[in-house]
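Next come the chains, spelled out residue by residue.
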There are 2 protein chains.
Amino acid sequence: MDDKNISQAVISRLPRYLRYLGELKDSNVERISSQELSQLMNVTASQIRQDFNNFGGFGQQGYGYKVNFLYDEIAKILGINKTHHLIIVGAGNLGQALANYMNFERRGFHFTGIFDCNETLYGRKIRDMYVQPMENLETFVKDNDIDIAVLTIPKTGAVKVADKLVKCGVKAFWNFAHVDLNVPSDIVVENVHLSDSLMKLTYNITRKEQETDNQ
Amino acid sequence: MDDKNISQAVISRLPRYLRYLGELKDSNVERISSQELSQLMNVTASQIRQDFNNFGGFGQQGYGYKVNFLYDEIAKILGINKTHHLIIVGAGNLGQALANYMNFERRGFHFTGIFDCNETLYGRKIRDMYVQPMENLETFVKDNDIDIAVLTIPKTGAVKVADKLVKCGVKAFWNFAHVDLNVPSDIVVENVHLSDSLMKLTYNITRKEQETDNQ
DNA sequence: CTCTGATTGTTTTATATTTAACACATTTAA
DNA sequence: TTAAATGTGTTAAATATAAAACAATCAGAG
């Protein structure tokens, strides 16, 4: 397939396209033009066309895009047609919430285990799964062919745990810990730094306040 | 102060600077050069200097930056020195987790209420706070001068609730619901679309797999 | 004090991203 | 059957972002 590098800016927009296309699908819309979609999503039609064309032509001139086809293609690009095996490391508030909330199975993720070092949690059952001690981690990962580790542990332990998991064959981290993981370049890290996000929010609040003050 | 528009790309980097500066502060490092910081953070020194200079000169030529001073200035820019009043709308897994996990108070956020439409939750106590019914929402927001609403409700209700909250004076949304809120331009929205983030992850996994296959 | 090396602030250049423009294939309606 | 309308794919222009280069200024040594 294409081997030219596609920028992360484009990739970041794909899930949003997928969401809107899913909604169109649900409303039984069969075809849509970049123009219509652009109005719906509040982006330029030009950007939509160019984004899609990074991966080859999905539309038809004079006709537009077939919603179902486009949806499937984008899903394929994003890799959510494949199955991934996933564990959660850290069974605190956030870890438990993600386990219950994310509905991993619906998107092809096999949620296979949850771990914590707090022994008071060991009996606890979360989504048909018992919280396991960290001692089990390495053998479990090796035995169950785990791709993805969700890190919901405090930052103090995160880097070390990540190193260990890389050695066991984990290929990707969904990192909620408030540190930068330092992993080899073939390992994927997707950070979700919630407090960073909240700071952006407060920045924009004060900015808007100043704007209105100046008017 | 400056009224030139600073790009969100710059703003997105500030929390990370803050984090590293905080760590330096904790290790009693008093001064640092853009060069040193760049090695630590794995970005170019040029970018660091340019980012900081968007807000005026914080350093001293021939010397570097005073860690403490720089930290405080960035905190000020991000608006985390001010107090914000915050509620959580949606006391499900994620809402409860954020209430317990985020430690809002440490960053100057006053977490003042949590709401849900599920009446089985009404007795529930979360962080010294009882889950309130949605009927209370409007009067509560008006009476308590709420700035920020954290939306952890399903997407079906989110848009309507946001509209209602805007009318009551809420200025900003930290939106975890999987929809785009359609609010006036003076209202701030910071989206945290977790499933989008997870899709980026899977995209990058398959990309890296292909890369190694081609080598 | 004065000089030198260090390191910022700022300008310039390069790269990346977004938007606009348009040629041409396809549909649709007369 | 044909011509106008539609709407993609693609190339070009504009804008935004990042990196490099350099000039101004300060700390610190002697």
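Thresholds, definitions, all that
- Residues numbered from 1 in each chain as written.
- Chains lettered and ligands numbered in written order.
- Predicted model: local features only at pLDDT ≥ 70, side-chain atom pairs only at ≥ 80, totals over all residues.
- Heavy atoms only, no water.
- Salt bridge = Lys/Arg side-chain N within 4 Å of Asp/Glu carboxyl O.
- Helix = DSSP H or I, 4+ residues; strand = E, 2+ residues; numbered from the N terminus.
- Buried < 20%, exposed > 50% of the residue type's maximum accessible area, 1.4 Å probe, protein only.
- Contact = heavy atoms within 4.5 Å.
- Buried area = accessible area lost by both parts, 1.4 Å probe.
- Polar contact = N/O pair within 3.5 Å; in protein donor to acceptor, adjacent residues only side chain to side chain.
- Nonpolar A, V, L, I, M, F, W, Y, C, P; charged D, E, K, R; others polar.
- Least-squares fit on C-alpha atoms with pLDDT ≥ 70 in both.

Draft legend 1. A look at the pattern of salt bridges. Enumeration over the complete set of coordinates arrives at 12 salt bridges over all chains. Taking the shortest distance from any N to any O, the salt bridge between D51 of chain B and R13 of chain B comes out at 2.7 Å. Highlighted residues: D51 of chain B in helix α3 (residues 45-53) and R13 of chain B in helix α1 (residues 8-26), separated in sequence by 38 residues. Between E105 of chain B and R127 of chain B there is a salt bridge, with its nearest N and O atoms 3.7 Å apart. With E105 of chain B in the loop between α5 (93-101) and β4 (109-116) and R127 of chain B in the loop between β4 and β5 (131-133), this pair connects stretches of sequence that are 22 residues apart. Assessed through its relative accessible area of 41%, E105 of chain B is described here as partly exposed. Through salt bridges with shared partners, one network takes in R16 and R19 of chain A together with D180 of chain B.

Draft legend 2. Focus on the interface of chain B and chain A. The interface is formed by 60 residues belonging to chain B together with 60 residues belonging to chain A. Of the roughly 5,600 Å² buried between chain B and chain A, counting both surfaces, carbon and sulfur atoms make up 63%. Counting across the chain B and chain A interface gives six salt bridges. K200 of chain A is the partner of E190 of chain B in a salt bridge, and the nearest nitrogen-oxygen pair spans 3.6 Å. Counting across the chain B and chain A interface gives 19 residue pairs in polar contact (both at pLDDT 80 or more). If you list the elements that add at least two residues to the side of chain B that touches chain A, you get α1, α4 (67-78), α5, β7 (172-175), β8 (188-191) and α8 (194-213) of chain B. Here the side of chain B that touches chain A takes 17 residues from α8 of chain B, the largest share from any one element. Per-class residue counts for the side of chain B that touches chain A are 30 nonpolar, 15 polar and 15 charged.

Draft legend 3. Up close: the environment of L24 of chain A. Residue and element names in this part refer to chain A. Mapped onto the fold, L24 is located in helix α1 (residues 8-26). Considering only alpha carbons, one finds L24 and Y71, 47 residues apart in sequence, at a separation of 9.6 Å. Setting aside chain neighbours within four positions, we find L24 in contact with V29, I32, L37, L40 and V67.

Draft legend 4. Region of interest: the relation of the copies chain B and chain A. Laying chain B over chain A is done by rotating through 180 degrees and shifting 0.0 Å along the axis; what remains is an RMSD of 0.1 Å. In symmetry terms, the pair is related by a two-fold rotation axis. For chain B, the residue whose C-alpha comes nearest the rotation axis is A97 of chain B, separated from it by 3.1 Å. Looking at chain B, 100% of its interface residues are interface residues in chain A too, so the copies touch through the same face.

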